[in-house]
Amino acid sequence: MTTRITHLIGHSSWEGTAERTSEVYNPATGEVTGTLDLASKALVDEVVAQAAEAAKEWGQTSIARRTRVLFAFRELLESRKGEIAKAIVAEHGKTYPDAVGEINRGLEVVEFACGIGHITKGGYSENVSTQIDAYSILQPLGVVGVISPFNFPAMVPLWFVPVAVACGNAVVIKPSEKDPTAVNLIADLWREAGLPDRVMNVVHGDKEAVDALLDNPQVKSISFVGSTPIARYVYERGVMAGKRVQALGGAKNHMLVLPDADLDLAADAAVNAGFGAAGERCMAISALLAVDSVADELIAKITERMAQLTTGEGNGEGVDMGPLVTKAHLDKVRGYVDAGVSEGAELVVDGRSGEWVGGTPDGFFLLPTLFDKVTPPMSIYTDEIFGPVLSVVRVGSYDEGLRLINDNPFGNGTTIFTNDGGAARRFQNEVQVGMVGINVPIPTPMAYYSFGGWKNSLFGDTHAHGMEGVHFFTKTKAVTARWLDPSHGGLNLGFPQND
Ligand code: NAD
């Protein structure tokens with residue numbers, strides 16, 4: 001039995017018949033569990049037109065009323081997160097606590113957006129010229145498009161939707177076709193929270209739906225998260241269509257371990273950030289730069305910890321790591337492990353064989369894998385693997401490690417492990433990466449800061465959520481006002497100057 005998963009147009013499920021569908025899998029068993037309707041361009045255009053109508057009224061709804069919807073949504077999300085997390089486990093494969101964790105990080109953005117009255121305040125200057133006042137107001141864009149990846153089916157949509165809605169926009173979101181159910185469940189909570197019909201809309205689909213959003217002139221902005229080649233494509237096509245675009249791309253995150261680091265802490269962090277969510281996190285650590293003098297000891301500690309990990313079905317008791325998302329992705333990641341061996345890296349822990357708990361033999365499992373003596377030309381170093389594969393590159397010094405990080409075309413996250421405050425301070429200043437950790441493995445910013453990488457990890461100049469998110473989802477208008485005073489009449493064709 002497979003479940004049909006379809007679009008949510010405002011408060012209603014789509015009742016049409018899809019010309020094209022795709023399959024949704026349970027990654028722990030390899031079974032098809034769902035059939036997803038894929039939207040045509042015509043359907044996307046229809047939904048956008050309806051969202052544009054809804055945006056007119058929602059954009060004029062008072063801040064007080066919008067705030068109440070956000071608070072109600074926050075309560076609903078908090079109380080229903082278990083149900084959403086189960087859907088994530090079933091379609092993505094990550095463990096249940098990890099799925100709850102991503103919803104909790106999304107909740108933080110909702111809480112940030114609850115302060116919409118404060119964060120959308122404009123400025124006001126009295127008497128900028130004699131008896132003239134100037135002020136700025138932030139207005140919604142209208143319809144905004146969101147396109148999200150498979151790896152955080154709840155958190156990434158929650159980076160954007162609460163801020164966009166709080167700012168008075170209507171949203172059309174196209175989630176990943178690999179794990180589409182979480183967004184439908186979340187959209188239903190917006191309805192229950194009192195968000196008017198058609199302010200939040202979900203269209204499922206693939207390239208056709210993405211292109212329709214990119215080309216539709218009524219869609220005023222695109223917030224995209226996914227791999228770098230698609231992020232670049234979305235950015236270029238969206239900008240050519242005259243939209244504002246924030247397109248967050250892939251990553252190759254490095255962790256630099258200096259000789260004075262607490263090696264137990266560093267080993268814990270490398271394992272947690274390398275293998276959490278089976279390495280399918282944009283902030284996963286995949287390249288571990290270990291200074292020579294401590295590399296052997298650090299690798300021994302990491303290996304010891306890896307032996308304690310349990311891989312298995314995400315709902316299983318005591319399971320640390322689940323399967324990969326699809327068979328195609330499993331094959332790709334295994335291919336990288338094979339390539340690492342043939343390119344001459346030392347395979348310290350081979351995850352290609354071994355046992356997992358729960359699921360079936362057809363599940364998309366790869367166990368945690370560790371390479372040592374990886375060198376920069378190898379594909380396991382150059383490419384984003386997005387799987388449970390940690391590569392140790394031995395470096396002679398801080399400077400060599402820093403150079404590798406800065407030469408890397410990605411710039412999403414990085415971290416340094418050291419007990420030397422001066423070295424850490426130098427690192428935060430010198431490293432060319434958007435999000436930096438100091439003795440913290442996954443430096444994901446809080447909701448009131450903004451999330452985003454540099455270089456090939458982000459196209460556009462605006463990061464997600466925080467005040468950058470608010471600016472992205474609003475247009476600033478500057479008003480200059482004079483209330484008539486007879487002493488200031490008269491003709492003057494010169495350019496306005498202040499006095
Ligand atoms: P993906 O690029 O394959 O897909 C992302 C979205 O783009 C999906 O909605 C998908 O349907 C759509 N898409 C895919 N191919 C397309 C095409 N040819 N034309 C138009 N649209 C297309 O990414 P993914 O595999 O779902 O997610 C994993 C990637 O996302 C990794 O590279 C990861 O690093 C990245 N990611 C980045 C961040 C970040 O904050 N920078 C966060 C999460 C994930």
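Here the structure is a predicted model, which means the values were calculated and not measured.

Thresholds, definitions, all that
- Residues numbered from 1 in each chain as written.
- Predicted model: local features only at pLDDT ≥ 70, side-chain atom pairs only at ≥ 80, totals over all residues.
- Heavy atoms only, no water.
- Domains from an automatic or database assignment.
- Contact = heavy atoms within 4.5 Å.
- Buried area = accessible area lost by both parts, 1.4 Å probe.
- Buried < 20%, exposed > 50% of the residue type's maximum accessible area, 1.4 Å probe, protein only.
- Helix = DSSP H or I, 4+ residues; strand = E, 2+ residues; numbered from the N terminus.
- Arc of directions from axis to C-beta.
- Patch = residues over 30% accessible without salt bridge, like charges linked within 9 Å, V, L, I, M, F, W, Y side chains within 5 Å.
- Areas by Shrake-Rupley, 256 points an atom, 1.4 Å probe, with all protein chains shown as cover.
- Salt bridge = Lys/Arg side-chain N within 4 Å of Asp/Glu carboxyl O.
- Lys, Arg positive; Asp, Glu negative; His and termini not counted.
- Charge placed at Lys NZ, Arg CZ, Asp CG, Glu CD.
- Phe/Tyr/Trp six-rings, centres within 6.5 Å; stacked < 30°, edge-to-face > 60°.
- Pairing = 2+ DSSP bridges.
- Axes fitted to C-alpha atoms, helices over the stretch in contact; angles between N-to-C directions.
- Near = heavy atom within 4 Å.
- Polar contact = N/O pair within 3.5 Å; in protein donor to acceptor, adjacent residues only side chain to side chain.
- UniProt positions renumbered as here; feature names shortened; annotations may be inferred.
- Parallel < 35°, antiparallel > 145°, perpendicular 65-115°, else oblique.
- Left-handed = near helix turned anticlockwise from the far one by under 90°.
- Nonpolar A, V, L, I, M, F, W, Y, C, P; charged D, E, K, R; others polar.

Comments concerning the domain arrangement of the protein
Here is step 1: With domains assigned, the protein is organised as domain 1 (3-250 + 452-479) and domain 2 (253-409 + 413-438).
Here is step 2: Relative placement of domain 1 and domain 2: their C-alpha centres are 31 Å apart.
Here is step 3: With 24 residues of domain 1 at the contact, the number on the domain 2 side is 32 residues.
Here is step 4: Together, the buried faces of domain 1 and domain 2 total about 2,200 Å²; carbon and sulfur atoms form 61% of this surface.

Digging into helix α13 (residues 398-407)
Here is step 1: Along α13, the residues classified as buried are Y398, G401, L402, L404 and I405. Angularly, the buried residues of α13 cover 160° about the axis, an arc narrow enough to put them on a single face.

Digging into the environment of V128
Here is step 1: Mapped onto the fold, V128 is located in strand β6 (residues 124-129).
Here is step 2: For V128, a relative accessible area of 37% puts it in the partly exposed group.
Here is step 3: In this structure, the C-alpha to C-alpha distance between V128 and A481, residues 353 residues apart in sequence, is 9.8 Å.
Here is step 4: Once residues within four sequence positions are removed from consideration, V128 is found in contact with D133, A134 and N498.

Some details on a positive patch on the surface
Here is step 1: Among the surface-exposed residues, K220, R244, K475 and K477 lie close enough to one another that they form a single positively charged patch.
Here is step 2: In this structure, R244 sits in strand β12 (residues 244-248).
Here is step 3: The exposure class assigned to R244 is partly exposed, which follows from its relative accessible area of 32%.

Thoughts on the packing of aromatic side chains
Here is step 1: Summed over all chains, the structure comprises 11 aromatic pairs.
Here is step 2: Ring centres of W159 and F451 lie 4.3 Å apart, and the angle between their planes is 35°; this geometry places the pair in the tilted category. Residue W159 is located in helix α5 (residues 155-166), and its partner F451 is located in the loop between β20 (435-438) and β21 (454-455); the two are separated by 292 residues in the primary sequence. Just as W159 is buried, F451 falls in that class too.
Here is step 3: Summarising the aromatic geometry, the rings of F472 and F473 are spaced 5.2 Å apart at their centres and angled 85° between planes, so their arrangement reads as edge-to-face. Judged on exposure class, the residue F472 and its partner F473 are both buried.

Some details on the sheet that holds strand β4 (residues 20-26)
Here is step 1: One open sheet holds the three strands; their spatial order is β1-β5-β4, and the pairing between them is mixed. Every interior strand has two partners, whereas the edge strands, β1 (3-5) and β4, have only one. Between one strand axis and the next, the sheet turns by 30° as a mean value, whatever way the strands run.

Examining the site of the ligand
Here is step 1: Taken together, 28 residues are adjacent to the ligand, and S148, E177, S227, G249 and E384 come closest.
Here is step 2: Here an oxygen atom of the ligand sits 3.0 Å away from a polar atom, N or O, in the side chain of K174.
Here is step 3: Taking G226, its main chain carries an N or O atom lying 3.3 Å from an oxygen atom of the ligand.
Here is step 4: Listing elements by their share of the shell around the ligand, those giving two or more residues are α7 (207-215) and β11 (219-225).

Here we look at the UniProt feature "domain: Aldehyde dehydrogenase" (unreviewed entry) in the protein
Here is step 1: Feature annotation in UniProt assigns "domain: Aldehyde dehydrogenase" (unreviewed entry) to the following positions: residues 17-479.
Here is step 2: Taken as a whole, residues 17-479 contains 42% helix and 22% strand, while its terminal C-alpha atoms sit 49 Å from one another.

Looking at the pattern of salt bridges
Here is step 1: Applying the stated criterion across every chain, the model contains 30 salt bridges.
Here is step 2: Note that R4 and D37 form a salt bridge whose closest N and O atoms lie 2.6 Å from each other. Of the two residues, R4 is situated in strand β1 and D37 in strand β5 (residues 31-38); the sequence distance between them amounts to 33 residues.
Here is step 3: Given the relative accessible area of 4%, D37 is considered buried.

A short note on the packing of helix α9 (residues 263-275) against helix α10 (residues 292-306)
Here is step 1: Running from amino to carboxyl end, α9 crosses α10 at an angle of 55°, the nearest separation of the two axes being 9 Å. Considered as vectors, α9 and α10 are oriented oblique to each other. Once α9 is placed against α10, the crossing between them reads as right-handed. Contacts between α9 and α10 involve L263, D264, A266, A267, D268, A270, V271 and F275 from the former and V294, E297, L298, K301, I302, R305 and M306 from the latter.
Here is step 2: In terms of residue class, the contact of α9 with α10 is built from 10 nonpolar, no polar and five charged.

Here we look at the sheet that holds strand β16 (residues 369-372)
Here is step 1: In space, the seven strands of this open sheet follow the order β15-β16-β17-β14-β13-β19-β20, with mixed pairing throughout. The sheet is open, and its two edges are formed by β15 (346-349) and β20, each paired on a single side. Here the strands of the sheet are splayed against their neighbours by 20° on average, with no regard to which way each runs.
Here is step 2: Looking at chain direction, β16 and strand β17 (residues 389-395) are connected through three bridges and run parallel.

Considering the environment of N169
Here is step 1: With respect to the secondary-structure elements, N169 resides in the loop between α5 and β9 (170-174).
Here is step 2: For N169, a relative accessible area of 0% translates into the label buried.
Here is step 3: Sequence separation between N169 and G142 is 27 residues; the distance between their C-alpha atoms is 5.0 Å.
Here is step 4: In this structure, N169 is in contact with W58, P140, L141, G142, V144, A164, V199 and F473, ignoring residues within four places of it in sequence.

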